[in-house]
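# Chains, contacts and geometry: an overview
What follows is the residue order along each chain.
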Amino acid sequence: MKRSYLTTPIYYVNAEPHLGHAYTTVVADTVARWKRLQGYEVFFLTGTDEHGDKIVRAAEARGLTPREYVDRIAEKFRQTWPLLHIQYTRFIRTTEPDHKRVVQHVLQLLYEKGDISFGEYEGLYCFGCERFLTRKELRDGLCPDHRTPPTPLRESNYFFDLSRYQNWLIDHLQKHPDFIQPPGYREEVLGLLREGLEPLCISRPKSRLSWGIEFPFDPNYVTYVWFDALLNYLSGIGYPDDPSWEKWWQVAEHIIAKDILKPHAIYWPIMLRALGLPVYRRLHVHGYWNLNQAKMSKSLGNVVRPGDLVSRYGADRVRYFLLREMAFGQDAEFSEEALVLRTNAELANDFGNLVFRTLSMVGKYCQGRVPVPGEETPEDRTLKERLLSAVENFAREMDHFRFHLGLSLLNEAVREANRYVDHQAPWELNKKGKQDRLGRVLYTLLEALRVLAVVLWPIIPRSSELLLGNLGLSPAEELSLERALTWGRLKPGQEVQRGKALFPRLERPSFEVPDREKDSAEEKVEEKTYPLEEFKKWDLRVAEIVAAERVPGTDRLLRLTVRCPEERTVVAGIAEHYRPEELVGKQVVLVANLKPARIRGVLSQGMILAARDEKGLKLLVPEETVTPGAEVG
Ligand code: ME8
């Protein structure tokens, strides 16, 4: 049996979950699902880090005991993940008794082995980092992360001698070039190792901090929070009592952001080595989500709450955006506008549209059943081969955590399928009674949807399962990469549901011209040019007029009901040029993200475009019929 053990950091409970935490956890869930598709048995561990100074101070600030406080916030984390369709195997909390036992067991072992020593230390302590900083680490005398001056502190403590293992770790990194991914972070770690390692202070006197795991051989001390936290990766799989821990440990991969590279890439492998255990297999390091160029973090308070995003956009759109927008390893900028634009373009216009048109045509032309396919032509074969090879390339990128590239390749294949629909024109085949050909084209498209639904499951699980259901398939049976790639699983005659649109287009935020600019624009007579970005702000779409009537009491105004693809009302000043009945069925171009305006009591949700010359006014129409909602640009 192939196995995979994946972990996220255990998050501090000194604040509620934000989008940064959600990203790492979505990545882990996506990889877990991706592995399951490939037949792996997966253990996915996440949880909360609940000891230390930070937590005590956060609890005090709320007038709670640390225990009351950690219970409350841990619950918030636990409740957030299902909102994003995250399915972990275990949620570990470092305040659980079995984790505490593991930490004490490890301390005892290392103490007996002689890796832990007691001594007095005088140094500069950062309460934010909860550790002593070295002089080299300071920037302008301040902690580089918290920008606060460290406090001089003289204390007797227990130390773990890292330097003993320094050369071994350098050697390990050199022998295993893919131990830390992407490679830039490996270089950073090698740099730190070459500077030399100082002993790590792994205790805190109880007189200063009591909220921690007591030392087994000295009740006056509790364990440094990082030494405690890293061990969750072992206690979470039942180390040392449950014998199954070993099978998971052999295949352990950790996913973190670059803020906690040093503890994971240096302290943790050394702790494992000292314990005589194999090191984990791989460390995957990603960059930061920024908001207005600053790292999203609880200390800066510039956070986006995952629950809010999910309630506005739905979990699958949020997951898709996070994975598509960030190149794993690098920083990315978050904005809701980017989320709307990206998911409208790729999920609504490309993928959603392919699903919608295919299932509608099967409904209309094949009585809602998988058609009997006629003979395969080179065009059908080309689409099939391109799609399957896109999936192969997607798989390679997914295996290497290059989700953004994988999705871009898959999206290319979706666009190819949409072009295939345009070229094969099933509506023409239907009109001409070419049933065999029509059957083959729609069968090819249905198969393409089946394959896409399966391979997109790790990213957009709920939509993928809905789509499989609409295709008359059972997710439990279909969710396998091998089966996905076996072309021709759909049985002619099987019932297919049209279902609801998977990804209805979202409204883009309205773009209003501020009054100040309006005034000066009127004064300015010179010609103006704008960068392309300005044009891209306008959401222009093809809309189909489904009803038209005069607005009572006016000569110029018509009230139109249009489909784009959702239905909207638009008030247009064209009554002197068009009669209502000649408009129904026409396709026009709609400006879809104008701020809605009330005109003669009717709320108009957009503007349709027309050209005017001396002969009068003519609506802009597409040369041929297109799918309502199609983007113009
Ligand atoms: O460090 N962008 O917990 P933590 C991307 N308890 N990811 C981000 C992010 C951002 N702006 N902000 C946070 C701790 N993260 C320790 C970990 S593990 C044994 C102990 C994510 O609550 C990212 O995964 O500060 C980062 O590594 C983690 O949250 C830090 O979470």
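Residues numbered from 1 in each chain as written. Predicted model: local features only at pLDDT ≥ 70, side-chain atom pairs only at ≥ 80, totals over all residues. Heavy atoms only, no water.

Scanning the model with the defined rule gives 51 salt bridges in all. Ionic pairing is found between D29 and R319, a salt bridge with its closest N-O pair at 2.8 Å. In this pair, D29 is assigned in helix α1 (residues 19–37) and R319 in helix α12 (residues 315–325), connecting sequence segments 290 residues apart. Here D29 matches R319 in class, with each residue buried. Close ionic contact of E495 with R369 constitutes a salt bridge, the shortest N to O distance being 3.9 Å. Here R369 lies in the loop between α13 (336–365) and α14 (378–399) and E495 lies in the loop between α20 (481–484) and α21 (515–523), a separation of 126 residues in the sequence. Assessed through its relative accessible area of 45%, E495 is described here as partly exposed. Linked through salt bridges whose partners overlap, the residues forming this network are D350, R386, E412, R415, E416 and R419. (Salt bridge = Lys/Arg side-chain N within 4 Å of Asp/Glu carboxyl O. Helix = DSSP H or I, 4+ residues; strand = E, 2+ residues; numbered from the N terminus. Buried < 20%, exposed > 50% of the residue type's maximum accessible area, 1.4 Å probe, protein only.)

Strands in a sheet are paired, the pairing made by backbone hydrogen bonds, and the direction either parallel or antiparallel. The strand order across the open sheet built from four strands is β5-β4-β6-β8, with neighbouring strands paired in antiparallel fashion. Each edge of the sheet is formed by a strand with only one pairing partner; in this case those strands are β5 (131–133) and β8 (200–201). Inspection of the sheet shows strand β4 (residues 116–126) paired to β5 by three bridges, in the antiparallel sense. Note that in β5 the partner of L124 across the bridge is L133. (Pairing = 2+ DSSP bridges.)

Read across the sheet, three strands follow the order β9-β11-β10 without closing on themselves; strand pairing throughout is antiparallel. Looking at which strands have only one partner, the edges of the open sheet turn out to be β9 (203–205) and β10 (214–215).

What follows deals with the environment of E379. Examined against the element boundaries, E379 turns out to sit in helix α14. Overall, the relative accessible area of 42% leaves E379 in the partly exposed class. When the C-alpha atoms of E379 and R568 are compared, they prove to be 37 Å apart, with 189 residues separating the residues in sequence. Filtering out sequence-adjacent residues up to four positions away, E379 remains in contact with Y420 and Q424. (Contact = heavy atoms within 4.5 Å.)

A few words now on the packing of α14 against helix α17 (residues 435–456). Packing of α14 against α17 leaves a shortest axis separation of 10 Å and a crossing angle of 5°. In terms of their interaxial angle, α14 and α17 are classed as roughly parallel. In contact with D380, L383, L387, V391 and F394 of α14, α17 contributes R437, R440, T444, A448, V451, L452 and V455. Looking at the contact of α14 with α17 residue by residue, the classes come out as eight nonpolar, one polar and three charged. (Axes fitted to C-alpha atoms, helices over the stretch in contact; angles between N-to-C directions. Parallel < 35°, antiparallel > 145°, perpendicular 65-115°, else oblique. Nonpolar A, V, L, I, M, F, W, Y, C, P; charged D, E, K, R; others polar.)

All right, on to the state of the cysteines then. Across all of its chains, the model carries zero disulfides by this definition. Not part of a disulfide, C126 finds its nearest cysteine sulfur in C129, a span of 3.7 Å. (Disulfide = S-S within 2.5 Å.)

Near the ligand you find 25 residues, and of these I10, T24, D49, D259 and M296 are the closest. Y12 places a main-chain nitrogen or oxygen 2.9 Å from an oxygen atom of the ligand. Here an oxygen atom of the ligand sits 3.4 Å away from a polar atom, N or O, in the side chain of H21. Looking at the shell around the ligand, the element that brings in the most residues is strand β1 (residues 3–12), giving four residues. Of the residues that constitute the shell around the ligand, the class distribution is 13 nonpolar, eight polar and four charged. (Near = heavy atom within 4 Å. Polar contact = N/O pair within 3.5 Å; in protein donor to acceptor, adjacent residues only side chain to side chain.)

A few words now on the packing of aromatic side chains. Per the counting criterion, the structure on display carries 33 aromatic pairs. Ring geometry for Y125 and F127: centres 4.9 Å apart, planes at 70°, overall edge-to-face. Assessed through its relative accessible area of 1%, Y125 is described here as buried. Residue class for F127 comes out partly exposed when judged on its relative accessible area of 30%. Aromatic ring contacts, followed pair by pair, group Y5, F43, Y233, W248, W249 and W268 into a single cluster. Its guanidinium or amino end placed over the ring of Y288, K258 lies 4.7 Å from that ring's centre, counting from NZ or CZ. Between the NZ or CZ atom of K295 and the centre of the ring of Y288, over which it lies, the distance is 4.3 Å. (Phe/Tyr/Trp six-rings, centres within 6.5 Å; stacked < 30°, edge-to-face > 60°. Lys NZ or Arg CZ within 6 Å of the ring centre and 35° of its normal.)

Quick look at the packing of helix α11 (residues 306–313) against α12 now. Each pair of packed helices gets described by two things: the angle between the helix axes and the distance between those axes. The geometry of α11 relative to α12 is characterised by a closest axis approach of 7 Å and an angle of 115° between their N-to-C directions. Residues L309, V310 and Y313 of α11 form the contact with α12, whose own contacting residues are A315, R317 and V318. Of the residues belonging to the contact of α11 with α12, the class tally is five nonpolar, no polar and one charged.

With that settled, consider helix α18 (residues 461–470). Along α18, the residues that are buried comprise P461, S463, S464, L467, L468 and N470. In this structure, the buried side of α18 is in contact with α1, α12, α13, α17 and α19 (475–478). Two residues or fewer after α18 comes G472, characterised by a positive phi angle close to 80°.

Further remarks concern the domain arrangement of the protein. Accessible area lost upon the coming together of the parts serves often as the stated size of an interface. Domain annotation of the protein identifies domain 1 (3–289 + 296–312), domain 2 (335–484) and domain 3 (515–619). Centre-to-centre, using C-alpha coordinates, domain 1 lies 56 Å away from domain 3. (Domains from an automatic or database assignment.)

Our focus in this paragraph is the pairing of strand β12 (residues 252–257). Where burial is concerned, most of β12 is hidden: six out of the six residues are buried. The alternating pattern of β12 places A252, H254 and I256 and E253, I255 and A257 on opposite faces, both of which are buried. With three bridges joining them, β1 and β12 adopt parallel strand pairing. By the bridge assignment, T7 is partnered in β12 with H254. Strand direction decides the pairing type here: β12 and strand β13 (residues 282–286), joined by five bridges, are parallel.

Here we come to the side chain of T25. Tracing the sequence through the fold places T25 in helix α1. What makes T25 buried here is its relative accessible area of 0%. From its side chain, T25 meets the backbone oxygen of H21 in a polar contact 2.7 Å long.

D53, K54, I55, V56, A58 and A59 are the residues of helix α2 (residues 53–61) that are buried. In this fold, the buried residues of α2 make contact with β1, β2 (41–49) and α3 (66–83). Directly beyond the C-terminal end of α2, a positive phi value near 70° is found at G63.

This part is about the UniProt feature "binding site: Zn(2+)" (unreviewed entry) in the protein. Mapped onto the present numbering, the UniProt feature "binding site: Zn(2+)" (unreviewed entry) falls at C126, C129, C143 and H146. Spatial clustering of the annotated residues is evident: they stretch over 21 residues in sequence, but the largest pairwise C-alpha distance comes to 8.6 Å. Looking at the secondary structure, you find C143 in the loop between β5 and β6 (151–160). Judged by relative accessible area, which is 0%, C143 ranks as buried. Once you skip the residues sitting within four places of it in the chain, C143 turns out to touch C126, C129, L133, L138, T148 and P150. (UniProt positions renumbered as here; feature names shortened; annotations may be inferred.)

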